[in-house]
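Per-entry structural report
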Amino acid sequence: MSTSISAFDMISEETQSLVRYPSDLLDEEWEILQPIINELEPYTTGRPRTTDLRDILNAIFYLNKTGCPWRYLPQDFPSYKLVNYYYNKWTDNRTLEKVNTVLRQYWRQKKAGIRTPQQQLLTVKASREPLNLIWNRGSTVANSLKEEKEISLSIQLVV
């Protein structure tokens, strides 16, 4: 009895995440970073790139998380020399700083439950409450009313 592989099985195997280590990029993170990396690191001339930039980023994140020496980078990743080359290049041109900023903003927005990519504005409105009439202590006459003024602040999140 032979087993056949359907087209659905092949697609699902191809679309499965390649996360191997806790420090690896999630698919949703890579979807955000891929256009940015391609914009900052375009392939225009020369020899075609043979290494996936996601693997390079995963290796850099692995090194950052574990603190292991470059030469002890696991064989699952590209050569430590290539990873070191991109690390130095991306540190000098501030690409890693931009990657960090984008990921930080993404996770903060996700944690806060904000679904829009636009920055939320916080406005503070000051308003005067109507005058409250307070009885003076020890007095029973209505003429001895004292006016007390209160200012209240309301904070509204403007979307």
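This write-up is about the structure you can find in this document.

Rules used throughout
Residues numbered from 1 in each chain as written. Predicted model: local features only at pLDDT ≥ 70, side-chain atom pairs only at ≥ 80, totals over all residues. Heavy atoms only, no water. Phe/Tyr/Trp six-rings, centres within 6.5 Å; stacked < 30°, edge-to-face > 60°. Buried < 20%, exposed > 50% of the residue type's maximum accessible area, 1.4 Å probe, protein only. 1 Å grid on protein atoms, 1.4 Å probe; cavity = no way out; pocket = protein on both sides within 12 Å on 5 of 7 lines; lining within 4 Å. Points joined across faces, edges and corners; volume = space filled by probe spheres on them. Helix = DSSP H or I, 4+ residues; strand = E, 2+ residues; numbered from the N terminus. Salt bridge = Lys/Arg side-chain N within 4 Å of Asp/Glu carboxyl O. Core = buried A, V, L, I, M, F, W, Y, C linked by side-chain atoms within 4.5 Å. Contact = heavy atoms within 4.5 Å. Expected span 1.5 Å × (residues − 1). Polar contact = N/O pair within 3.5 Å; in protein donor to acceptor, adjacent residues only side chain to side chain.

Overview of the packing of aromatic side chains
The geometry of two aromatic rings is summed up by the distance between their centres and the angle between their planes. Here the structure, examined in full by the defined rule, presents 7 aromatic pairs. Arranged with centres 5.2 Å apart and planes meeting at 75 degrees, the rings of tyrosine 85 and tyrosine 86 form a pair that is edge-to-face. A residue is classified by how much of its surface remains accessible, and tyrosine 85, at 46% relative accessible area, is partly exposed. Within the aromatic cluster, the residues linked to one another by ring pairs are Tyr21, Tyr62 and Phe77.

Some words on the layout of surface pockets
The computed volume of the largest pocket comes to approximately 340 Å³. Ile60, Phe61, Asn64, Tyr87 and Leu96 are, among the 15 residues lining the largest pocket, the residues nearest its centre. For the lining of the largest pocket, the secondary-structure elements that each account for two or more residues are α3 (53-66) and α5 (95-112). Residue contributions to the lining of the largest pocket peak at 6 residues, all from α5.

Here's the deal with the pattern of salt bridges
Applying the stated criterion across every chain, the model contains 3 salt bridges. Aspartate 27 serves as the salt-bridge partner of arginine 54, at 3.0 Å between the closest nitrogen and oxygen. With a gap of 27 residues between them, arginine 54 in helix α3 and aspartate 27 in helix α2 (residues 27-40) connect regions that are remote in the sequence. One salt bridge in this structure joins glutamate 97 and arginine 94, with 3.0 Å as the shortest N-O distance.

Some remarks on the nonpolar core
Ranked by internal contacts, the top residues of the largest apolar core, which has 21 residues, are Leu33, Leu53, Ile56, Leu57, Leu73, Val83 and Trp90. When contributions to this core are tallied by element, the ones reaching two or more residues are α2, α3, α4 (80-92) and α5. Here this core takes 7 residues from α3, the largest share from any one element. Residues in contact with tryptophan 90, not counting those within four places in the same chain, are Glu41, Leu53, Ile56, Leu57, Ile60, Thr95 and Leu96.

Details of α3
The terminal C-alpha atoms of α3 lie 20 Å apart, and with 14 residues this matches the ideal 20 Å at 1.5 Å per residue to within 8%. Turning to α3, its buried residues number three or more, namely Leu53, Arg54, Ile56, Leu57, Asn58, Ala59, Ile60, Tyr62 and Leu63. Contacts made by the buried residues of α3 are with α2, α4 and α5. The positive-phi residue at the C-terminal boundary of α3 is glycine 67, with phi of around 75 degrees.

What to know about the side chain of asparagine 58
Among the secondary structure elements, asparagine 58 is positioned in helix α3. Look at asparagine 58 and you get buried, because its relative accessible area is 3%. Reaching out from asparagine 58, the side chain makes a polar contact with the backbone nitrogen of leucine 25 at a distance of 2.8 Å. If we skip the residues at most four places from it in the chain, asparagine 58 touches Ser23, Asp24, Leu25 and Phe77.

So, to be careful, I would describe these as geometric facts and stop short of saying anything about function.
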